[in-house]
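# Structural features, examined
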Amino acid sequence: MFKAKAYSASSATSPLALDNIQRREPSKRDVQIEILFCGICHSDLHTARNEWSSVMPTTYPCVPGHEIVGRVIKVGSDVKSFNPDEIVGVGCLVDSDQSCPACQANVEQFCPDSTFTYNSPDKHLGGVTYGGYSESIVVDEKFVLKVPGNLNLAGVAPLLCAGITTYSPIRRWGDIKGKKVGVVGLGGLGHMGVKFAKAFGAHVVVFTTSPGKKDDAVRLGADEVIISTDTEQMKKHAGSFDFILDTVSADHDINVYLGMLSMDGTVTLVGAPEKPLAVSAFALIFGRKNLNGSLIGGLKETQEMLDFCGEHNITSDVEVIPIQKVNEAYERLVKSDVKYRFSIDMASLKAE
Ligand code: NAP
Ligand code: ZN
């Protein structure tokens, strides 16, 4: 074992602060990574503050972070795909049983024995796994991803969660070219949803509660922007969408978006608000609407997404911050004031 500096929350109400955690020595199949950048996902905040206590209670100390880009420091003797000095990524998953039907279907996120990057039982060291707000991490090579060489690394980090979480349901929907696609919420996930939907040729409409994000939405690829609190604007688009991706992190009325769908249209929820959302049966049965959900993506699809981003020069729009600003960043996330993902420059942790 070796020690690594990290930022952790010691309770649901404490700010994140400097901590020392243990990492395992790399075993035969492991890759040891020096973390260069780590994105801040709203899931980090939900977890640090134990907002998902009824489904996934948080064990403290909690070291969040599952949008990791770093440099390989060391590889185990059986590691075949990675070499020291290579730039790699790690997302939300660090292990799974690799034999169940979900793993065989390349959707490791649904493996009953999957290990998430943080706040999951740690099979190696006991306790729970610790995430990317840290100087290093040790991960089985199966869960390490190749990063295209042409992309800005601070902007690549958020692809590992916000990227794959929006790419996967858009790809799964089918041929989205020319379809009317809505993205609800222009935050970390939402802005990546806009980029991917546009890249696949959709007519993209952003629903936002923040009028100040209108110009950015267009710059990011939106064909139209609707201020969702303006009922007149909303009425004009009722019943017209093929697909809507809902990325909202807080309580909101999902029935409004079901009402925006045309017959047989689909709302896919990726946002994970703390409290259950009330769904009206009538909003679903009139027009035979669909409501489903999506969780990140498997390793194969995550690599495909990264390669797609390399080919199309897609990265996240980031505000790079030192780790010392993480608590401030959390406060801004709660206020929907992020443009459009915070990416922590992990070199700042060395100074502590
Ligand atoms: P984020 O950057 O904070 O963005 C969320 C956006 O939702 C905000 O920027 C805001 O956009 C909108 N919003 C916030 N509060 C709202 C409210 N009360 N009513 C309406 N809109 C509101 O968060 P994120 O990192 O993108 O994550 C979004 C959600 O997805 C979180 O719940 C997160 O845990 C979840 N998530 C799920 C997965 C998955 O696999 N399914 C993966 C990652 C994250 P506007 O200002 O444009 O209105
Ligand atoms: Zn995330």
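Residues numbered from 1 in each chain as written. Chains lettered and ligands numbered in written order. Predicted model: local features only at pLDDT ≥ 70, side-chain atom pairs only at ≥ 80, totals over all residues. Heavy atoms only, no water.

## Here's the deal with the overall build of the protein chain
Each helix and strand counted, the protein chain has twelve helices and 17 strands in total. Its C-alpha radius of gyration of 20 Å places the protein chain within 12% of the 20 Å reference for a compact globule of 352 residues. The principal-axis extent of the C-alpha atoms belonging to the protein chain is close to 60 × 40 × 35 Å. Residues counted as buried form 56% of the 352 residues belonging to the protein chain. (Helix = DSSP H or I, 4+ residues; strand = E, 2+ residues; numbered from the N terminus. Rg over C-alpha atoms; globule rule 2.2 N^0.38 Å. Buried < 20%, exposed > 50% of the residue type's maximum accessible area, 1.4 Å probe, protein only.)

## A short note on helix 10 (residues 299-312)
Relative to the 20 Å expected for 14 residues at 1.5 Å per residue, helix 10 spans 20 Å between its end C-alpha atoms, a close match to the ideal helical length. Within the span of helix 10, buried status applies to Leu299, Thr302, Gln303, Met305, Leu306, Phe308, Cys309 and Gly310. Buried positions along helix 10 lie against strand 6 (93-95), strand 9 (145-146), helix 3 (153-156), helix 4 (162-173) and helix 5 (188-199). Residue asparagine 313 follows helix 10 closely and has a positive phi angle near 55 degrees. (Expected span 1.5 Å × (residues − 1). Contact = heavy atoms within 4.5 Å.)

## Some remarks on the coordination of the zinc ion (ligand 2)
Six octahedral donors around a metal ideally make angles of 90 or 180 degrees; four tetrahedral donors ideally make 109.5 degrees. Those donors, Cys41 (SG), His66 (NE2) and Cys161 (SG), are the protein atoms that reach the zinc ion (ligand 2), and they lie 2.0 to 2.2 Å from it. Each donor residue of the zinc ion (ligand 2) belongs to the same chain, with the gaps between them written as C-x24-H-x94-C. In this pair, cysteine 41 is assigned in the loop between strand 3 (30-40) and helix 1 (42-48) and cysteine 161 in the loop between helix 3 and helix 4, connecting sequence segments 120 residues apart. Cysteine 41 sits in the buried class, given a relative accessible area of 3%. Cysteine 161 sits in the buried class, given a relative accessible area of 4%. (Donors = N, O, S within 2.8 Å, 3.2 Å for Na, K, Ca; no water.)

## Points about the packing of helix 4 against helix 5
Two packed helices can be described by the angle between their axes and the distance between those axes. Running from amino to carboxyl end, helix 4 crosses helix 5 at an angle of 45 degrees, the nearest separation of the two axes being 8 Å. As summarised for this structure, helix 4 and helix 5 are arranged oblique, according to the angle between their axes. The interaxial crossing formed by helix 4 with helix 5 has right-handed handedness. From helix 4, Ala162, Gly163, Thr165, Thr166, Tyr167 and Ile170 reach across to helix 5, where they touch Gly188, Leu189, Met192, Gly193, Phe196 and Ala197. (Axes fitted to C-alpha atoms, helices over the stretch in contact; angles between N-to-C directions. Parallel < 35°, antiparallel > 145°, perpendicular 65-115°, else oblique. Left-handed = near helix turned anticlockwise from the far one by under 90°.)

## What about the pairing of strand 13 (residues 241-246)?
Of all six residues in strand 13, five are buried, a share of seventy percent or more. One ladder, built from four bridges, connects strand 10 (residues 180-184) with strand 13; its direction is parallel. For valine 183, the partnering residue across the bridge sits in strand 13 and is leucine 245. Pairing of strand 13 with strand 14 (residues 261-269) involves five bridges; the strand directions are parallel. Note on strand 14: the bridge partner recorded for phenylalanine 241 is leucine 261. (Pairing = 2+ DSSP bridges.)

## Comments concerning the site of ligand 1
Around ligand 1 sit 31 residues, and of these His42, Thr208, Thr209, Ser210 and Arg341 come closest. In this structure, an oxygen atom belonging to ligand 1 sits 2.8 Å away from a side-chain N or O atom of serine 43. Here an oxygen atom of ligand 1 and a side-chain polar atom of threonine 209 are 2.6 Å apart. Alone, ligand 1 offers 920 Å² of accessible surface; in the complex the protein occludes 90% of this. (Near = heavy atom within 4 Å. Polar contact = N/O pair within 3.5 Å; in protein donor to acceptor, adjacent residues only side chain to side chain. Areas by Shrake-Rupley, 256 points an atom, 1.4 Å probe, with all protein chains shown as cover.)

## As for the domain arrangement of the protein chain
Quite often, the size of an interface is put as the accessible area lost when its parts meet. For the protein chain, the assigned domains read domain 1 (2-160 + 297-310 + 317-351) and domain 2 (162-293). On a C-alpha basis, the centroid separation for the pair domain 1 and domain 2 is 27 Å. Of the residues lining the interface, 20 residues belong to domain 1; the matching set on domain 2 comes to 25 residues. Summed over both partners, the interface of domain 1 with domain 2 comes to about 1900 Å²; 57% of that surface belongs to carbon and sulfur atoms. Summed over the three residues of domain 1 that lose the most area to domain 2, namely Phe308, Asp317 and Tyr340, the buried surface amounts to 34% of that side. Scanning the region where domain 1 abuts domain 2 turns up two salt bridges. When the shortest N-O distance is used, the salt bridge between aspartate 317 and arginine 219 registers 2.9 Å. (Domains from an automatic or database assignment. Buried area = accessible area lost by both parts, 1.4 Å probe. Salt bridge = Lys/Arg side-chain N within 4 Å of Asp/Glu carboxyl O.)

## With respect to the pattern of salt bridges
Scanning the entire structure with this criterion turns up 20 salt bridges. The salt bridge partner of aspartate 140 is arginine 29, with a shortest N-O separation of 2.5 Å. One end of the pair, aspartate 140, is in strand 8 (residues 136-140); the other, arginine 29, is in the loop between strand 2 (17-23) and strand 3, and 111 residues separate them in sequence. Classification of aspartate 140 by relative accessible area gives buried; the value is 6%. Given a relative accessible area of 46%, arginine 29 falls into the partly exposed group. The salt bridge partner of lysine 339 is aspartate 337, with a shortest N-O separation of 3.9 Å. One connected set of salt bridges, linked through shared partners, spans Lys195, Asp216, Arg219 and Asp317.

## Quick look at the environment of leucine 277
Mapped onto the fold, leucine 277 is located in the loop between strand 14 and helix 9 (281-285). Counting along the chain gives 25 residues from leucine 277 to histidine 252, while the straight-line C-alpha distance between them is 7.3 Å.

## Details of the environment of proline 276
Along the chain, proline 276 turns up in the loop between strand 14 and helix 9. As a C-alpha pair, proline 276 and glycine 65 span 211 residues in sequence and 25 Å in three-dimensional space.

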